[in-house]
Amino acid sequence: MSVPVDTPVQVPSEASGRSTAPSDDVAAQVRAVARRAKDASRVLATATRSTKDAALHALADALVASTGQIVAANAEDLERGRAAGTSAGLLDRLALDPARIVAIADALRELAALPDPVGEVVRGSTLPNGLRLRQVRVPMGVVGMIYEARPNVTVDAAGLALKSGNAVVLRGGSAAARSNEVIVGVLADALERQGLPGDLVQSIDAWGREGAVALMHARGLVDVLVPRGGADLIQTVVRESTVPVVETGVGNCHVYVDESADLAMALPIILNAKTQRVGVCNAAETLLVHRAVADEFLPVALAALGDAGVTIHADAPARRLAPEEVSVVPATDDDWGTEYLSLDLAVRVVDDLDEAIEHIRTWSSGHTEAIITRDLASSERFVAEVDSAAVMVNASTRFTDGGQLGLGAEIGISTQKLHARGPMGLAELTTTKWIVHGDGHVRP
């Protein structure tokens, strides 16, 4: 039975900041999409692993075969983004080229090689009365995604949903509208050629922000909603949705260089964490350096960061150690709390590990933090006391990624604690079902 649409909520308009609520017509059309997705998910729920894996390979092949069409559509999005003054970091997120399309397709093939989570027995036992119990993984059903300027997420979400037995309804934002339109069409056609419903992958981009609000209210048809993007988007969805939400947080990530750190190791880690790709949530945004090594480390590190084009937002002790040629501005509290998504880095000198941990507790978004240290006790304290979804010891924050951690593609990085935390791979897109076998048992 469908659930009536709730009273419309107000969300910021993408273009002007004005509030937009869904019309009855838009709400009905989005619910019709979700209903078709629900029907398609029931077909997929009985599919074997071999059927799903063959479909994933077919999707990968179809994407590569459609590279020219996808790149041409993406060029339209990029041109529109540049004209609108979109930042370089966000344009990088938006951009697709043949090499990226091959990488996205390869991620689908890697998903096919992973174990199927559906049917996995989480636990089981036989009770003293003879009842046989199993708790098994089953698909969620219909997964909704609201995200911004990331056409690769369209493919990641479709692939993860397919492998985990779910249908997906996507709202990808106007910045990637043409790219997503073409990609969703390619994926749906490939599914149908494999004998699966094309409605397993659908987009509601045509209905804009009104459609996004309607998706937030499709309770009973959409089983879980995953927002992925900036803080405003995520908090709007968390606040306004009547569909259960898994919150994916922004990435205000920290790297702390401890007094015992191998400084030769620390330099490439911070450069990688900050500059390898700036427009992503696992890029470092703050560097904390123990006072005992600041005089030795910061002049070298800030020079290298400056050479990479990074603007340093530094406290007074760090500014005094910056080479003259490095672009340095005074840091404020706003800097400590900012996810830059650009070639900017906040830098602070701390007295000790306690002050580093306290800074992270105050300003972290709970995504990823890293410590560079050779001291086992310091690393163990950092791991135990830092309350983030991922903690790195002597490694870049950029490893908080489903593919990098062996989970295949991810649908997002959850910074909440229920029901998933960290990279959300296949298992996180399932729920569980209790199966109980008896032999005429009745409850006394």
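The structure this text deals with has already been given above.
These numbers come from a predicted model, not from an experiment.

**Describing the overall build of the protein**
- Each helix and strand counted, the protein has 15 helices and 18 strands in total.
- Over its C-alpha atoms the protein spans a radius of gyration of 24 Å, differing by no more than 12% from the 22 Å that the globule rule assigns to 444 residues.
- By principal-axis analysis of the C-alpha atoms, the protein measures approximately 75 × 65 × 45 Å.
- Per-residue burial for the protein yields a buried fraction of 54% across its 444 residues.
- Expressed as a percentage of contacts within the protein between residues at least 6 apart in sequence, the contacts between residues at least 24 apart total 72%.
- About 18,600 Å² of surface is accessible on the protein, with carbon and sulfur atoms providing 52% of the total.
- The protein carries 40 positive and 57 negative side-chain charges, and their two centres are separated by 8 Å.

**Points about the sheet that holds strand E13 (residues 344-350)**
- In space, the seven strands of this open sheet follow the order E12-E11-E13-E10-E9-E14-E15, with parallel pairing throughout. With one partner strand each, in any of the chains shown, strand E12 (328-330) and strand E15 (390-393) form the two edges of the open sheet. Pairwise comparison of adjacent strand axes, ignoring direction, gives a mean angle of 20 degrees for this sheet.
- Pairing of strand E11 (residues 311-314) with E12 involves three bridges; the strand directions are parallel. Among the inter-strand pairings, His313 is bridged to a residue of E12, identified as Val329.
- Each of strand E9 (253-257), strand E10 (284-290), E13 and strand E14 (368-372) is contacted by helix H10 (residues 263-275), which is oriented at about 160 degrees to E10, the strand it contacts most.

**A word on the nonpolar core**
- One finds Leu63, Met145, Leu162 and Ile411 to be the most contacted residues of the largest nonpolar core, which totals 73 residues.
- A total of eight residues in this core trace back to one element, the largest contributor, which is helix H1 (residues 24-44).
- Ignoring sequence-local partners within four residues, the contact set of Leu162 consists of Leu44, Lys52, Ala55, Leu56, Leu59, Leu191, Leu196 and Leu200.
- Membership of the second largest hydrophobic core comes to 34 residues, among which are Ala266, Leu267, Val310 and Val349.

**Thoughts on the environment of Arg239**
- Secondary-structure assignment places Arg239 in helix H9 (residues 231-240).
- Classification of Arg239 by relative accessible area gives exposed; the value is 53%.

**With respect to the sheet that holds strand E4 (residues 132-139)**
- Within the open sheet, the three strands sit side by side as E3-E4-E18. Their pairing is antiparallel. On the outer flanks of this sheet lie strand E3 (121-126) and strand E18 (430-437), each paired with one strand and no other. The average undirected angle you get between the axes of adjacent strands in this sheet is 20 degrees.

**Looking at the pattern of salt bridges**
- As enumerated under the stated definition, the model contains 26 salt bridges in all.
- Among the ionic pairs, Glu76 bridges to Arg178, the shortest N-O distance being 3.2 Å. Separated by 102 residues along the polypeptide, Glu76 in helix H3 (residues 67-83) and Arg178 in helix H7 (residues 177-193) bring together distant segments of the chain.
- Taking relative accessible area as the criterion, Arg178 reaches 27% and is therefore assigned partly exposed.
- Overlapping salt bridges, with partners in common, bring together Asp354, Glu358, Arg361, Arg381 and Glu385 in one network.

**Remarks on the pairing of E11**
- Bridge count between E11 and E13: four bridges; the pairing is parallel. Note on E13: the bridge partner recorded for Thr311 is Asp344.

**Re the packing of aromatic side chains**
- Evaluated as defined, the whole model comprises one aromatic pair.
- Here the aromatic rings of Tyr256 and Phe382 are separated by 6.4 Å at their centres, their planes lie at 15 degrees, and the arrangement is stacked. Highlighted residues: Tyr256 in strand E9 and Phe382 in helix H15 (residues 376-385), separated in sequence by 126 residues. No difference in accessibility class separates Tyr256 from Phe382, as the two residues are buried.

**Considerations on the side chain of Ser41**
- Structurally, Ser41 is set in helix H1.
- Ignoring any residue separated from it by four or fewer positions in sequence, one finds Ser41 in contact with Gly141, Val142, Gly165, Ala167 and Leu200.

**What about H3?**
- Taking 1.5 Å of rise per residue, the 17 residues of H3 would be expected to cover 24 Å, and the 24 Å separating its terminal C-alpha atoms lies within 8% of that figure.
- Buried residues of H3: Thr67, Ile70, Ala73, Asn74, Asp77, Leu78 and Gly81, and no others. Projected down its long axis, H3 carries its buried residues within an arc of 145 degrees, all on one side. Exposed side of H3, more than 90 degrees from the buried face: Gly68, Glu79 and Ala83 are the residues found there.
- Summarising the contacts, the buried residues of H3 are in contact with helix H2 (49-65), helix H4 (88-94), helix H5 (98-113), helix H6 (151-163) and H7.
- Looking one or two residues beyond H3, the residue adopting positive phi is Gly85, at roughly 80 degrees.

The rules behind each value
- Residues numbered from 1 in each chain as written.
- Predicted model: local features only at pLDDT ≥ 70, side-chain atom pairs only at ≥ 80, totals over all residues.
- Heavy atoms only, no water.
- Helix = DSSP H or I, 4+ residues; strand = E, 2+ residues; numbered from the N terminus.
- Rg over C-alpha atoms; globule rule 2.2 N^0.38 Å.
- Buried < 20%, exposed > 50% of the residue type's maximum accessible area, 1.4 Å probe, protein only.
- Contact = heavy atoms within 4.5 Å.
- Areas by Shrake-Rupley, 256 points an atom, 1.4 Å probe, with all protein chains shown as cover.
- Lys, Arg positive; Asp, Glu negative; His and termini not counted.
- Charge placed at Lys NZ, Arg CZ, Asp CG, Glu CD.
- Pairing = 2+ DSSP bridges.
- Axes fitted to C-alpha atoms, helices over the stretch in contact; angles between N-to-C directions.
- Core = buried A, V, L, I, M, F, W, Y, C linked by side-chain atoms within 4.5 Å.
- Salt bridge = Lys/Arg side-chain N within 4 Å of Asp/Glu carboxyl O.
- Phe/Tyr/Trp six-rings, centres within 6.5 Å; stacked < 30°, edge-to-face > 60°.
- Expected span 1.5 Å × (residues − 1).
- Arc of directions from axis to C-beta.

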